[in-house]
Amino acid sequence: MKRLLLSASLLAISAIAHAQADRGTQLYNIYCTQCHGMQGNGKGVNAAQMSIQPRDHTDTKEMSARSDDELFKVIQQGGKSINKSVLMPGWGGNLSDDDIHALVAHLRKLCCQKN
Amino acid sequence: MKHLFSLIAAAMLAAGAPLTAIADTAGDVQQQCGTCHALKHNYATSAIQERAERKAPPLDYAGNKFQRAWLVSWLQNPVRIRPAGVFPSAHLKEGPDGDAIDAASLAKHPAVPAAQAEAMADYLLTLKPFDSLIKAETYQPGTIAERMGKMNFGKFKGCDGCHQDASNSGGVSGPELYTAWKRLQPAFISSYIANPVAWDPHTMMPKGDANADAVHKLANYLKVIGEKQP
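Residues numbered from 1 in each chain as written. Chains lettered and ligands numbered in written order. Predicted model: local features only at pLDDT ≥ 70, side-chain atom pairs only at ≥ 80, totals over all residues. Heavy atoms only, no water.

## Some points on the overall build of chain B
Now for step 1: The secondary structure content of chain B amounts to twelve helices and four strands.
Now for step 2: Against the compact-globule benchmark of 17 Å for 230 residues, chain B has a radius of gyration of 18 Å, which places it among compact chains.
Now for step 3: Overall, chain B is about 50 × 45 × 40 Å in size when its C-alpha atoms are taken along their principal axes.
Now for step 4: Considering only residue pairs separated by 6 or more positions, chain B has 66% of its internal contacts joining residues 24 or more positions apart.
Now for step 5: If you average the places of the 23 positive and of the 21 negative side-chain charges in chain B, the two averages end up 3 Å apart. (Helix = DSSP H or I, 4+ residues; strand = E, 2+ residues; numbered from the N terminus. Rg over C-alpha atoms; globule rule 2.2 N^0.38 Å. Contact = heavy atoms within 4.5 Å. Lys, Arg positive; Asp, Glu negative; His and termini not counted. Charge placed at Lys NZ, Arg CZ, Asp CG, Glu CD.)

The structure is reproduced here in structure tokens:
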């Protein structure tokens, strides 16, 4: 019974993580790609006009140096909150905490789950 | 739909417009504009995916948003306001230096004759579901030194990340703002900057934390640059 419960729990966690990843992809496409690029490489359509270039989310080394909490904070409160550019706005007034967690999960996928 | 027309007709009658003209125009707008523009919606209860599927900005609050003179003129001679379309990700292609606008994917807005533009503008200006947001506005148009305004718009607030404040200056994912003052009602400008989510729960404009004074400074900058437009 114990093993069955454990398997069911793992399956549930996996399903939640999968749904969160889909949500993260969807939100990233809507809110982030115009600056961070369709490939997440920091070369969005707005980037050419920016004085400070958007973060390349596929840069494993740079992204690995940021904790999930930091990523959450910068999405929620904007670049200023971690002493970065004001060009990165805070999305806490538009997105729920769950949405921001989904975006953090998507960033981890972009940066660190390459084949 | 019948109920919607009745409501519109009542509003137009109250404004002194002839009923037959109103019904005709409502139908005309529904037929000509409704394919791309939302004339009735509830984004708050819609899935976020609707934002990616929008073909054009919603018009259901046009009466709280647009200036009549601009609307009449623009409908006769439409020029692109959003350089990358209403949902930029749908109009991009990969280029050597990064993402670029795929101009071929952007549809051209049809032009209408003067009389139809007048009638459509009159009808659209009756659509005012957000009177309460406009009424809550305290913005009184003022002025600001253009140089200071530009610095505030760009360096301090980062609006130029997505918006142009001059042709070819600023980001392209949002609507250009150098004609915003001619296009939009002052109270709408201020209200939308302060809380875009109240107008559109799925807006791609971030709801910032600027206080009323800071919002009014941004609106005044749009006034300064907008009044220089022909």
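More follows now that the structure is in view.
## A closer look at the overall build of chain A
Now for step 1: Along its length, chain A carries five helices and zero strands.
Now for step 2: For chain A, the succession of helices and strands along the chain, N to C, is α-α-α-α-α.
Now for step 3: Of all 115 residues assigned to chain A, the portion counted as buried reaches 40%.
Now for step 4: Here the contacts in chain A between residues at least 6 apart in sequence split such that 47% fall between residues at least 24 apart.
Now for step 5: Carbon and sulfur atoms make up 55% of the accessible area of chain A, which totals about 6,600 Å². (Buried < 20%, exposed > 50% of the residue type's maximum accessible area, 1.4 Å probe, protein only. Areas by Shrake-Rupley, 256 points an atom, 1.4 Å probe, with all protein chains shown as cover.)

## Quick look at the interface of chain A and chain B
Now for step 1: Every contact between the two is made by 24 residues of chain A and, on the other side, 35 residues of chain B.
Now for step 2: Buried area between chain A and chain B, summed over both chains or domains, comes out near 2,200 Å², and the portion from carbon and sulfur atoms is 56%.
Now for step 3: Of all residues in chain A, the largest losses of buried area upon contact with chain B belong to Ile30(A), Met38(A) and Val45(A), amounting jointly to 27% of the total for that side.
Now for step 4: Taken together, the links from chain A to chain B amount to zero salt bridges.
Now for step 5: Across the chain A-chain B interface, the total number found is twelve residue pairs in polar contact (both at pLDDT 80 or more).
Now for step 6: Among the secondary structure elements, those contributing two or more residues to the side of chain A that touches chain B are helix 1 (2-31) and helix 2 (33-36) of chain A.
Now for step 7: Class assignment for the residues of the side of chain A that touches chain B results in ten nonpolar, twelve polar and two charged. (Buried area = accessible area lost by both parts, 1.4 Å probe. Salt bridge = Lys/Arg side-chain N within 4 Å of Asp/Glu carboxyl O. Polar contact = N/O pair within 3.5 Å; in protein donor to acceptor, adjacent residues only side chain to side chain. Nonpolar A, V, L, I, M, F, W, Y, C, P; charged D, E, K, R; others polar.)

## Things to note about helix 6 (residues 114-124) of chain B
Now for step 1: Listed as buried for helix 6 of chain B are Ala117(B), Met120(B), Ala121(B), Tyr123(B) and Leu124(B). Taken around the axis of helix 6 of chain B, the buried residues stretch over an arc of 160°, which confines them to a single face. (Arc of directions from axis to C-beta.)

## Quick notes on the pairing of strand 2 (residues 98-101) of chain B
Consecutive side chains of a regular strand alternate in pointing toward one face of the sheet and then the other.
All names here are of chain B.
Now for step 1: Summarising the sheet, strand 1 (residues 92-95) and strand 2 pair through four bridges and their orientation is antiparallel. Residue pairing across strands places Gly 95 opposite Gly 98, the latter belonging to strand 2.
Now for step 2: The hairpin turn running from strand 1 into strand 2, its antiparallel successor, is two residues long. (Pairing = 2+ DSSP bridges.)

## Focus on the state of the cysteines
Every disulfide links exactly two cysteines, by a covalent bond between their sulfur atoms.
Now for step 1: Summed over the entire model, instances satisfying the criterion amount to one disulfide over all chains.
Now for step 2: The partner cysteine of Cys111(A) in its disulfide is Cys112(A), sulfur to sulfur 2.2 Å. When the S-S torsion is -90°, as for the bridge of Cys111(A) with Cys112(A), the disulfide is left-handed.
Now for step 3: Cys111(A) gets classed as buried once you look at its relative accessible area, which sits at 0%.
Now for step 4: Cysteine Cys32(A) remains unbridged, with the sulfur of Cys35(A) as its closest cysteine sulfur at 8.8 Å.
Now for step 5: The structure places no disulfide on Cys159(B), whose sulfur is separated from the nearest cysteine sulfur, that of Cys162(B), by 9.1 Å. (Disulfide = S-S within 2.5 Å.)

## Description of unusual backbone geometry
Now for step 1: Residue Asn83(A) is not a glycine yet carries a positive backbone phi of 60°.
Now for step 2: By secondary structure assignment, the location of Asn83(A) is in the loop between helix 4 (68-77) and helix 5 (97-112).
Now for step 3: Even without glycine at this site, Asn168(B) takes up a positive phi of about 65°.
Now for step 4: For Asn168(B), the location among the structural elements is in the loop between strand 3 (164-166) and strand 4 (169-170).
Now for step 5: The exposure class assigned to Asn168(B) is exposed, which follows from its relative accessible area of 64%.

## A few points about the confidence of the model for chain B
Detailed reading of the predicted model is not advised wherever pLDDT is low.
All names here are of chain B.
Now for step 1: The predicted model of chain B averages 91 in pLDDT, with 90% of residues at 70 or higher.
Now for step 2: Per-residue pLDDT stays below 50 along residues 4-19; that stretch engages in 16 contacts with residues further than four places along the chain or on separate chains.
Now for step 3: Reported confidence for the predicted complex is 0.86 by ipTM and 0.88 by pTM. (pLDDT = per-residue confidence, 0-100.)

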